[in-house]
Amino acid sequence: HILHRKVFIMHYSHKKLFLFFLSCIVLIFNYNSSGFVTATSQLGLNYGLLGDNLPPPSDVINLFKSIGITKIRIFDPNTEVLDALRGNKDIGVTVGVKDQDLAALAAGEEAVNSWFATNIEPYLADVNITFITVGNEVIPGPMGPQVLPAVQSLTNLVKSKSLPISVTTVVA
């Protein structure tokens, strides 16, 4: 039975599987306090950019808006995606720090200030950045010890600017 499932999934392309899973999660249901089933008003997706022949970010953001996506996570501060999100303050954005940037961010405030000035600050006026994630599933692992100092430095910077952005990490 399990082998049959694996063979079935292998016959479908990654694009078809993505569309299938996307259609499965378009409506998320929950129970309200009265015990009735209601559709949730907030739905989020991870927006990955590893692949071939991907549509332009502006098309993807328009699709997300058309199906009611209110939160997205991008794995790095991709300028094309962030530019496509300009003016879409109804979408909360989680921006990830690239794993290869962790060592520099953990080493000092100057690198944190520079990273923030380059990757976050230019978008604050017209993109709803709600979270910054430091590291993508690097705990546990050799880069794990770099996460806490980077999180602390970014948190201090965000607080010093009185911004409503939370800084966290992603674990496996």
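Refer to the structure printed above.
This is a predicted model, so every value here is computed, not measured.

Right, let's get into the packing of aromatic side chains. Where two aromatic rings form a pair, the distance of their centres and the angle of their planes describe that pair. For the structure shown, the criterion picks out one aromatic pair. Plain terms: the ring middles of Tyr47 and Phe64 are 5.7 Å apart, the flat faces sit at 80° to each other, and that makes the pair edge-to-face. Separated by 17 residues along the polypeptide, Tyr47 in strand β3 (residues 44–47) and Phe64 in helix α3 (residues 57–66) bring together distant segments of the chain. Under the relative-accessibility criterion, Tyr47 is labelled buried at 6%.

All chains considered together, the criterion is met by three salt bridges. Residues Asp83 and Arg86 are paired through a salt bridge, measuring 3.2 Å at the closest nitrogen-oxygen approach. For Asp83, a relative accessible area of 38% gives the class partly exposed. A salt bridge links Glu121 to Lys161; the shortest N-O distance between them is 3.2 Å. Here Glu121, found in the loop between α6 (109–119) and β6 (128–136), pairs with Lys161, found in the loop between α7 (147–160) and β7 (166–170); they are 40 residues apart in sequence, far enough to count as distant.

Our next topic: the environment of Asp126. Structurally, Asp126 can be placed in the loop between α6 and β6. Given a relative accessible area of 24%, Asp126 falls into the partly exposed group. In this structure, the C-alpha to C-alpha distance between Asp126 and Lys89, residues 37 residues apart in sequence, is 6.5 Å. Filtering out sequence-adjacent residues up to four positions away, Asp126 remains in contact with Leu85, Arg86, Gly87, Asn88 and Lys89. Polar side-chain contacts of Asp126 include one of 2.9 Å to the side chain of Arg86.

Its location among the elements puts Thr94 in strand β5 (residues 92–97). According to the relative accessible area criterion, Thr94 is buried, its value standing at 13%. Sequence-distant contacts of Thr94, that is, excluding residues within four places in its chain, are made with Ile72, Arg73, Ile74, Thr130, Phe131 and Thr133.

Take the packing of α6 against α7 next. In contact at an axis separation of 10 Å, α6 and α7 are set at 60° when each is read in the N-to-C sense. Between α6 and α7, the interaxial angle falls into the category oblique. The handedness of the crossing between α6 and α7 comes out as right-handed. On α7, the residues touching Glu109, Val112, Asn113, Trp115 and Phe116 of α6 are Ser153, Leu154, Leu157 and Val158.

Our focus in this paragraph is the nonpolar core. Counting 37 residues, the largest nonpolar core has Ile72, Leu85, Val93, Ile132, Val134 and Leu154 as the members making the most contacts within it. Excluding residues within four positions of it along the chain, Ile72 makes contact with Leu45, Tyr47, Ile61, Phe64, Leu85, Ile91, Gly92, Val93 and Thr94.

What follows is about the sheet that holds β6. Adjacent strands of a sheet form backbone hydrogen bonds with each other and so pair up, either parallel or antiparallel. In spatial order, the strands read β3-β4-β5-β6-β7; together these five strands make up an open sheet with parallel pairing. Strands at the two margins of the open sheet, each flanked by one partner only, are β3 and β7. Averaged over neighbouring strand pairs, the angle between their axes works out to 25° when direction is ignored. Sheet topology note: the β3/strand β4 (residues 71–74) ladder contains four bridges and is parallel. Across the sheet, the residue bridging to Leu45 is Ile72, located in β4. Against the sheet, α3 engages β3 and β4, with an angle of about 165° to β3. Lying on the sheet, α7 is in contact with β5, β6 and β7; it crosses β7 at an angle near 160°.

Quick notes on the rules
- Residues numbered from 1 in each chain as written.
- Predicted model: local features only at pLDDT ≥ 70, side-chain atom pairs only at ≥ 80, totals over all residues.
- Heavy atoms only, no water.
- Phe/Tyr/Trp six-rings, centres within 6.5 Å; stacked < 30°, edge-to-face > 60°.
- Helix = DSSP H or I, 4+ residues; strand = E, 2+ residues; numbered from the N terminus.
- Buried < 20%, exposed > 50% of the residue type's maximum accessible area, 1.4 Å probe, protein only.
- Salt bridge = Lys/Arg side-chain N within 4 Å of Asp/Glu carboxyl O.
- Contact = heavy atoms within 4.5 Å.
- Polar contact = N/O pair within 3.5 Å; in protein donor to acceptor, adjacent residues only side chain to side chain.
- Axes fitted to C-alpha atoms, helices over the stretch in contact; angles between N-to-C directions.
- Parallel < 35°, antiparallel > 145°, perpendicular 65-115°, else oblique.
- Left-handed = near helix turned anticlockwise from the far one by under 90°.
- Core = buried A, V, L, I, M, F, W, Y, C linked by side-chain atoms within 4.5 Å.
- Pairing = 2+ DSSP bridges.

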